Amino acid sequence: MKDTTGDQDLSTLLARAAADPETLARLHTRLEDAAGREGLLDVAYTVVDSPVGRLLLASTEKGLVRVAFHNQDHDQVLDTLATTLSPRVLRAPKRLDDVARELDQYFAGTRRTFDLPLDLSLSHGFRQLVQRHLPEIAYGRTQSYAEVARLVGNPKAVRAVGTACATNPLPVVVPCHRVLRSDGTLGGYAGGPAAKSVLLDLEAAA
């Protein structure tokens, strides 16, 4: 005889969830745990608050794969992850606890480098080369787009460096905010100029 106890328990939880947020949270936790246990969770994500607005964080088994600012349309970001990486995307905050903790420390001024595994599969070629260089720019320091181009071995690729920074899938953690124009002005930034200023001011103050 088939054991339907689990199905009945799930049905009961579903019935209660509509009227009870705590039950809905427990149901989601069960789903999250089951998906991870059965290898059905390829991309985990959560959303956290920060001094530069709400950030979407996403990770694969390899590591953190995406950080997106609130102005980048989180729903569209998740759709892109589902198309590019895997359709098995699920909100799973526990998988991102370490990321959230290190970001909290960074914004509190108590962390200067991130010790997180990263999944760089959303970038390729020259863009990934530039993005791999960015963590070498010390906390509280900056480089120009031209300097970065020279340091990665292609002095004429200043515009390409700008594109690599603009398309950086891991802002804040991979610090493209530390790259400025040669005249010292901010240049572009995915999170907007105000967010870039906040990050630079935070590091300068620390």
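First things first, this report covers the structure right here in the doc.

Rules and cut-offs
- Residues numbered from 1 in each chain as written.
- Predicted model: local features only at pLDDT ≥ 70, side-chain atom pairs only at ≥ 80, totals over all residues.
- Heavy atoms only, no water.
- Buried < 20%, exposed > 50% of the residue type's maximum accessible area, 1.4 Å probe, protein only.
- Helix = DSSP H or I, 4+ residues; strand = E, 2+ residues; numbered from the N terminus.
- Pairing = 2+ DSSP bridges.
- Axes fitted to C-alpha atoms, helices over the stretch in contact; angles between N-to-C directions.
- Contact = heavy atoms within 4.5 Å.
- Expected span 1.5 Å × (residues − 1).
- Arc of directions from axis to C-beta.
- Polar contact = N/O pair within 3.5 Å; in protein donor to acceptor, adjacent residues only side chain to side chain.

## Here's the deal with the pairing of strand β1 (residues 43-48)
Part 1 of the reasoning: Extensive coverage of β1 is indicated by the burial of 5 of its 6 residues.
Part 2 of the reasoning: Where β1 and strand β4 (residues 89-91) come together, 3 bridges link them in parallel fashion. From the neighbouring strand, V43 faces β4, where its bridge partner is V89.
Part 3 of the reasoning: Direction of pairing for β1 relative to strand β2 (residues 55-59): antiparallel, over a ladder of 5 bridges.

## A closer look at the sheet that holds β1
Part 1 of the reasoning: Across the sheet, which stays open at both edges, the 4 strands sit in the order β3-β2-β1-β4 with mixed pairing between neighbours. The open sheet terminates on both sides in strands that have one partner only, identified here as β3 (64-68) and β4. Each adjacent strand pair in this sheet contributes to an overall mean axis angle of 25°, direction not counted.
Part 2 of the reasoning: Running over the sheet, helix α4 (residues 97-107) touches β1, β2 and β3 and is turned about 140° from β2.

## Notes on helix α8 (residues 193-205)
Part 1 of the reasoning: When the terminal C-alpha atoms of α8 are compared, their 18 Å separation across 13 residues agrees well with the 18 Å that a helix rising 1.5 Å per residue should span.
Part 2 of the reasoning: Residues of α8 that are buried include every one of A195, K196, L199, L200, L202 and E203, and no others. Here the buried residues of α8 occupy an arc of 155° about the axis, which is enough to place them on one side. Exposed and oriented more than 90 degrees from the buried face of α8 are P193, A194, D201, A204 and A205.
Part 3 of the reasoning: Taken together, the buried residues of α8 touch α4, α6 (145-151) and β6 (179-180).

## Here we look at the side chain of N168
Part 1 of the reasoning: By secondary structure assignment, the location of N168 is in the loop between α7 (158-166) and β6.
Part 2 of the reasoning: Relative accessible area serves as the criterion here: at 5%, N168 is assigned to the buried category.
Part 3 of the reasoning: Within polar-contact distance, the side chain of N168 engages the backbone nitrogen of L170 at 3.0 Å.
Part 4 of the reasoning: Within polar-contact distance, the side chain of N168 engages the backbone oxygen of V174 at 2.8 Å.
Part 5 of the reasoning: Not counting residues up to four positions away in its chain, the partners in contact with N168 are R66, Q131, L134, V174 and C176.

## Regarding the pairing of β2
Part 1 of the reasoning: Extensive coverage of β2 is indicated by the burial of 5 of its 5 residues.
Part 2 of the reasoning: Neither face of β2 is open: one carries L55, L57 and S59, the other L56 and A58, and all of them are buried.
Part 3 of the reasoning: The hairpin formed by β1 and β2 contains 6 residues between the paired strands, and G53 there has a positive phi angle of roughly 95°.
Part 4 of the reasoning: Alignment of β2 against β3, held across 4 bridges, turns out to be antiparallel. In the sheet register, L56 faces β3, and the bridge partner there is A68.
Part 5 of the reasoning: Connecting β2 to the antiparallel partner β3 that follows it, the hairpin turn spans 4 residues, and G63 within it adopts a positive phi of roughly 155°.

## Some remarks on unusual backbone geometry
Part 1 of the reasoning: A positive phi angle, close to 65°, is found at D73, a residue other than glycine.
Part 2 of the reasoning: Of note, D73 is situated in the loop between β3 and α3 (74-84).
Part 3 of the reasoning: Of the residues examined, D73 reaches a relative accessible area of 41% and is grouped as partly exposed.
Part 4 of the reasoning: At V172, a residue that is not glycine, the phi angle is positive and equals roughly 75°.
Part 5 of the reasoning: In this fold, V172 is placed in the loop between α7 and β6.
Part 6 of the reasoning: Its relative accessible area of 1% is what places V172 among the buried residues.

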